[in-house]
Amino acid sequence: LDIRDADDAFFAALEAAGVPISIHVTFATGPQGEVSRGKLRGDMRFFDAPIRVSQLIGAGVFDRYPNLQVVLGEVDCGWVPYVKEQMDDRHARATTHPMKEKPSYYWERNLSYVFITDTYGVKNRHDIGVERMLWSSDYPHGGSDWPNSRAAIDRAFAGVADNEKQAIIAGNAARIYGPKA
């Protein structure tokens, strides 16, 4: 059994069941530690996400499994528009590219991003995709805003339309993780 065959069986089962892949922070293959040792600190937790996403896109996973959803947990989202732009630019210049669509298409259809505090992301939510953003309180971890989550939400979402705020703090998670029709 080829590794791709095993991976494809996994992706096919998730897509058939309507269950998203949820990958939590840093995507590391080993424990995180000091930056000086080539490892990332918690505040740089999103660094590996673009690499893993480009691997999924480049391998054609989302072409083979168009309804597969991947939720990138605790990676924030303010960086997403830049990476989408850069991947699209390189895709347009490539002489060979096995994917059926430009990379941003998959970012906008198959990926969602969980953030705790990302004021830049909230301000740029339309470039990220409101329907792709999920807020988290990070409870029960020490950096959580709980039990003051409502005040944190009010600060983070000041000036955001109620329907967008509702989607980001609850609706998108309910759609992605809730029962499928």
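### Some details on the packing of aromatic side chains
Using the criterion set out here, one finds 8 aromatic pairs in the structure. For the ring pair F62 and Y106, a centre distance of 6.3 Å and an interplane angle of 25° mean the geometry is stacked. One end of the pair, F62, is in helix α3 (residues 61-64); the other, Y106, is in helix α5 (residues 103-110), and 44 residues separate them in sequence. On the basis of relative accessibility, which here comes to 1%, the residue F62 falls in the buried class.

### Considerations on the confidence of the model for the protein chain
Averaged over the protein chain, the pLDDT score is 86; the fraction of residues at 70 or greater is 84%. Confidence scores differ between elements of the protein chain, with strand β1 (residues 21-24) showing the lowest mean pLDDT of 88 and helix α7 (residues 125-128) the highest of 98.

### A look at the packing of helix α4 (residues 80-93) against α5
Axis separation between α4 and α5 bottoms out at 7 Å; the angle between their running directions is 145°. For the pair α4 and α5, contact is made by V80, V83, K84, M87, D88 and H91 and by P103, S104, W107 and E108, respectively. Among the residues making up the contact of α4 with α5, the classes are represented as 5 nonpolar, 2 polar and 3 charged.

Rules behind the numbers
- Residues numbered from 1 in each chain as written.
- Predicted model: local features only at pLDDT ≥ 70, side-chain atom pairs only at ≥ 80, totals over all residues.
- Heavy atoms only, no water.
- Phe/Tyr/Trp six-rings, centres within 6.5 Å; stacked < 30°, edge-to-face > 60°.
- Helix = DSSP H or I, 4+ residues; strand = E, 2+ residues; numbered from the N terminus.
- Buried < 20%, exposed > 50% of the residue type's maximum accessible area, 1.4 Å probe, protein only.
- pLDDT = per-residue confidence, 0-100.
- Axes fitted to C-alpha atoms, helices over the stretch in contact; angles between N-to-C directions.
- Contact = heavy atoms within 4.5 Å.
- Nonpolar A, V, L, I, M, F, W, Y, C, P; charged D, E, K, R; others polar.

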